[in-house]
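Listed below, chain by chain, are the residues.
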Amino acid sequence: MQTLIALSLVWLFAYNRARMYTILSCLLLALLAMSWYWGFAPLPWLVLAVVAFFYFSRDLRIKYLTTPIYDFFQRVLPPMNQTEMEALEAGDVWWEAELFQGDPDWREFAAYPAPGLSEAEQAFLDNETEKLCDLLNDWEIVNRGDLSEAAWNYIREAGFLGMIIPEEYGGKGFSALAHSAVVTKLASKSTSAAVTVMVPNSLGPAELLMKYGSDAQRQRYLPGLASGEEIPCFALTSPEAGSDAGAIIDKGIVCKGMHEGKECLGLSLTWNKRYITLAPVATVLGLAFKMVDPDGLLGDQEELGITVALIPTDHDGVQHGRRHMPMGMAFMNGPTRGEDVFIPLDWIIGGVEYAGRGWQMLVDCLSEGRAISLPALGTAIGKVSYRLTGAYSMLREQFNLPIGKFEGIEEALSRIAGYSYQLEASRVMTAGAVDQHVKPSVVSAIAKYHMTENSRKIITDAMDIHGGRGLILGESNYLAYGYMSTPIAITVEGANILTRNLIIFGQGAIRCHPFIFREMQAAKDEDRAAGLAAFDSLIFRHVGYTISNFVRTLSLSLSGALVTRAPVSDATSRYYRGLTRMSSSLALVSDISMMLLGGDLKRKERLSSRLGDVLSNLYLGCAVLKYYRDNGSQQADLPSVHWNLQLALYNCQVAFKEFLENLPNRPIAWLLRLIVFPLGARYQLPDDALEHELVQPMFSDNELRDRITAAMYIGKDESDPAFIIEDAFRQVLATQATRDSIRKAIRSGEIDARGDLAAQAKAAVSQELCSRAEADAWLQAEQARQRAIQVDDYGPEHFASQASKESTGADSANQAKTQTNKQAKKKAAPDSDAA
């Protein structure tokens, strides 16, 4: 009896993650009380004595327990190069750490502020961004191969290139959420324009200068970048180094050379970069290279590491201007090269003291930019697809029914609706993290991977629903360029395959785990005594953490998570409990897997990526719950919330199942399956009834539809294809009663089905089915509906002119723009060397 009571107390303490001192003290008091009433029981006393002895006898514990574990840990610790270590150390952990550690603090989650735009930011979105969208015609942009001169000029004048630059340098000083909203709205009109604006405000010279640049460098470049007089690009990717940026072979050799007629210490640079956005028209080049000092001109260290410098593109030896054609899109993208180009050392961002620190600088900045830019592009696809595909499915008719009424179409629409809600929720929450001064390295990887992948699912379904209407290019097509450009977002800033397989769990497990990273640092400590002491303070807390995860996971699994509290009592409370259960399971399975496989888990990417999928789905589920709460917990949102949370929990279950099926140690896999799913797999995908309810807001004009598609551009006349669809949709909704009356009369034979629309309207009035005004409104709506489903066609002269433009126009226009930018830069540059 005493043993059972003692075990029950330990179980309770472990579930609540009590400290060891608290557990030992309470057990001592409990055993004293039980011995007084029931007599002495040797087993619990013996266990308590042994644990207490090693807990309080530090020297003996280190000698007989910690040292063997420490030596083993050093042997199995996977080797890491400097680049990998810098990547691990870069950025911050945020809410994802709570999810990874198995006991998310929902009170902390509820305390996160609801992100929002300032008055100035909202005004810029409503006015300047709206005006820029008015100037954009994506069909013309892509066929021209560039934005119009008017659009380029307005981008500069209105300050789009300096949104993240502080006001003191002439920029806007906008929040991450505002940056995200502007890019989202632009992308809903033109991907090429959105990328043009996005890149200078993401990873590039401006952000690097703000964080690491010297005062002189900031004064030299930031005002020009903010005004658009300087066009920046940043060159990292090379033929030998893509996702493995540490493999770059571009080199800067420390040497003496001539600059502005004087000998000085500098770098001889040779580089070959590709896929560099804005490189063809840039006036300032941010360049990443490996810096070496073979002659010891700076000190004893020869290999200094990755370094970043800023170079004016009109500097002797800089080659740029040629273009790539990424999926036929028109944003400027191309290679840049240089051979033995000499630059002074003070062109290194931050000066010579930042030599060799480039990779950490880049990863720090990338974690913020990746949390904003590409998620915004993915969200724009969701907004356009949600609003216009829902409308189109009510306008396009087959078998005398809007195609949205067919269950097959409804199935695809439900994915568009569910994922679009999730994208907006994730965009807002992730940008909000950046605005809380978090550099979310793991969260940004989750957002980049899943938001671009889910936007790919959305645009594929939207294209399937539109059929030929989405396939035929022309002024009326609002989907095709989004579809064509989606693989670009999938590929850039860390290819999605590697992001999922290497970063989300590989970096997340080490950064989010409460002990692993510090244990690694202790094991690598050159001072063995100091490392051993630090390791000792960590490893036994780690053991307690693992025991707690076992107790919590089994308790939550057996009870269906009913033993844990939810922070709310509404219809979403079960999802908080489910997320807590899956979070605890992730903490346990991750810990056991890392103990079993050690460094091999890093190489078993298909295993580790599934644990990353669990972490990702937990985060996406939380984003949906936060968005629901921040927007007033409205009844209309519940189908979207139910769909996303059911999907997230089901995806966690599938990821665990596939992980355990492939874990090499089969007895441990069987045991973990018994702990995580003792009652079997209970989570299910959303059912048909829920998906039917989910798509209904797409078929009417309502607040949820407007909120999900907020910051989407819709034009003001028929020159904009979105306006054509939206205008027809609203007219059809407004005349629905008249439509139903006329259709009923046609089916009964009262109105001739073979007559034209005008004849049918006249017959409806004569039979008093509707008034003349109602018939006219119906006729106008029908004409708008028929216009909305049309596609474009062109005569032979169009294709002849296109062939001529392709052979001559693009190169000459690009050369002219490069020359214009260089002239503008020279005109704006100060007389003295301010670099």
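Refer to the structure presented above.
Quantities reported herein were computed from a predicted structural model and do not represent experimental measurements.

Draft legend 1. Representation of the overall build of the chain within the structure. If you tally the helices and strands in the chain, you get 36 helices and 8 strands. Here the C-alpha atoms of the chain give a radius of gyration of 31 Å, agreeing with the 28 Å that 2.2 N^0.38 yields for 835 residues. Expressed along its principal axes, the backbone C-alpha trace of the chain runs to roughly 100 × 85 × 45 Å. The proportion of buried residues among the 835 residues of the chain is 56%. Sequence-distant contacts in the chain: of pairs separated by 6 or more residues, those separated by 24 or more amount to 77%. Surface summary for the chain: the accessible area is close to 35400 Å², and the carbon and sulfur share equals 55%. On the chain, the mean spot of the 79 positive side-chain charges and the mean spot of the 98 negative ones are 5 Å from each other.

Draft legend 2. Molecular detail of the pattern of salt bridges. Tallying each qualifying case throughout the model produces 37 salt bridges. Taken together, the shared-partner salt bridges connect R387, D701, R705, D706, E726 and R730 into one network.

Draft legend 3. Broad picture of the pairing of strand 3 (residues 262-277). Bridge analysis of strand 2 (residues 251-259) against strand 3 gives 9 bridges, and the strand direction is antiparallel. Following the sheet pairing, K251 is matched in strand 3 by T270. The turn joining strand 2 and strand 3, which pair antiparallel and follow one another in sequence, is formed by 2 residues; a positive phi near 55 degrees is taken by E260.

Draft legend 4. Representation of the packing of helix 18 (residues 407-435) against helix 28 (residues 638-662). Contact pair helix 18 / helix 28: the axes reach a minimum separation of 9 Å and the direction vectors enclose 85 degrees. One finds that helix 18 runs roughly perpendicular with respect to helix 28. Where helix 18 abuts helix 28, its residues S414, R415, G418, Y419, Y421 and Q422 lie against S640, V641, W643, N644 and L647. When grouped by side-chain class, the residues that make up the contact of helix 18 with helix 28 number 5 nonpolar, 5 polar and 1 charged.

Draft legend 5. Highlighting a nonpolar patch on the surface. Taken together, the side chains of M20, Y21, L43, V47, V51, Y55 and F56 make up a nonpolar region of the molecular surface, amounting to roughly 680 Å² of accessible area. Counting residues per element, the ones that place at least two in the nonpolar patch are helix 2 (20-38) and helix 3 (42-56). Looking at which element gives the most residues to the nonpolar patch, the answer is helix 3, with 5 residues. One can find M20 in helix 2. Classification of M20 by relative accessible area gives partly exposed; the value is 36%.

Draft legend 6. View of the environment of V438. On the secondary structure map, V438 appears in the loop between helix 18 and helix 19 (441-466). Of the residues examined, V438 reaches a relative accessible area of 11% and is grouped as buried. Ignoring any residue separated from it by four or fewer positions in sequence, one finds V438 in contact with D92, W94 and A433.

Draft legend 7. Highlighting the packing of aromatic side chains. Applying the stated criterion to the full structure yields 24 aromatic pairs. With centroids separated by 6.3 Å and ring planes inclined at 65 degrees, the aromatic side chains of F399 and F406 adopt a geometry described as edge-to-face. Taken together, a centroid distance of 5.2 Å and an interplanar angle of 90 degrees make the contact between Y421 and Y627 edge-to-face. In this pair, Y421 sits in helix 18 while Y627 sits in helix 27 (residues 605-630), placing the two residues 206 residues apart along the sequence.

Draft legend 8. Quick look at the nonpolar core. W94, W95 and F656 are the most contacted members of the largest nonpolar core, which has 118 residues in total. The greatest single-element share of this core, amounting to 13 residues, is contributed by helix 27. Residue contacts for W95: discarding those within four places in its chain leaves P104, D105, W106, F109, Y112, M429 and C622. In this structure, M163, F174, I276 and I488 belong to the second largest nonpolar core, which totals 69 residues.

Draft legend 9. Broad picture of the environment of L615. Summarising the element assignment, L615 is placed in helix 27. On the accessibility criterion, L615 (1% relative accessible area) is buried. Along the primary structure L615 and D727 are separated by 112 residues, whereas in three dimensions their C-alpha atoms are 42 Å apart. Other than its neighbours up to four places away in sequence, L615 contacts E96, L99, F100, V442, I446, I504 and L586.

Draft legend 10. Here's a closer look at the packing of helix 34 (residues 757-766) against helix 35 (residues 772-788). Two elements in contact, helix 34 and helix 35, have axes whose closest approach is 9 Å; the angle formed by their N-to-C orientations is 155 degrees. One finds that helix 34 runs roughly antiparallel with respect to helix 35. Note on packing geometry: the crossing formed by helix 34 with helix 35 is right-handed. In this structure, helix 34 uses L757, A758, Q760, A761, K762 and V765 to contact helix 35, whose residues at the interface are R772, A775, W778, L779, E782 and Q786. Taken together, the residues of the contact of helix 34 with helix 35 break down into 7 nonpolar, 2 polar and 3 charged.

Draft legend 11. Quick look at the side chain of H450. The residue H450 is located in helix 19 in this model. Side-chain polar atoms of H450 contact the side chain of S616, separated by 3.0 Å. With sequence-adjacent residues up to four places away left out, H450 is seen in contact with I504, D613, S616 and L620.

What counts, and where the lines are drawn
Residues numbered from 1 in each chain as written. Predicted model: local features only at pLDDT ≥ 70, side-chain atom pairs only at ≥ 80, totals over all residues. Heavy atoms only, no water. Helix = DSSP H or I, 4+ residues; strand = E, 2+ residues; numbered from the N terminus. Rg over C-alpha atoms; globule rule 2.2 N^0.38 Å. Buried < 20%, exposed > 50% of the residue type's maximum accessible area, 1.4 Å probe, protein only. Contact = heavy atoms within 4.5 Å. Areas by Shrake-Rupley, 256 points an atom, 1.4 Å probe, with all protein chains shown as cover. Lys, Arg positive; Asp, Glu negative; His and termini not counted. Charge placed at Lys NZ, Arg CZ, Asp CG, Glu CD. Salt bridge = Lys/Arg side-chain N within 4 Å of Asp/Glu carboxyl O. Pairing = 2+ DSSP bridges. Axes fitted to C-alpha atoms, helices over the stretch in contact; angles between N-to-C directions. Parallel < 35°, antiparallel > 145°, perpendicular 65-115°, else oblique. Nonpolar A, V, L, I, M, F, W, Y, C, P; charged D, E, K, R; others polar. Patch = residues over 30% accessible without salt bridge, like charges linked within 9 Å, V, L, I, M, F, W, Y side chains within 5 Å. Phe/Tyr/Trp six-rings, centres within 6.5 Å; stacked < 30°, edge-to-face > 60°. Core = buried A, V, L, I, M, F, W, Y, C linked by side-chain atoms within 4.5 Å. Left-handed = near helix turned anticlockwise from the far one by under 90°. Polar contact = N/O pair within 3.5 Å; in protein donor to acceptor, adjacent residues only side chain to side chain.

Read these as spatial facts, not as claims about activity.
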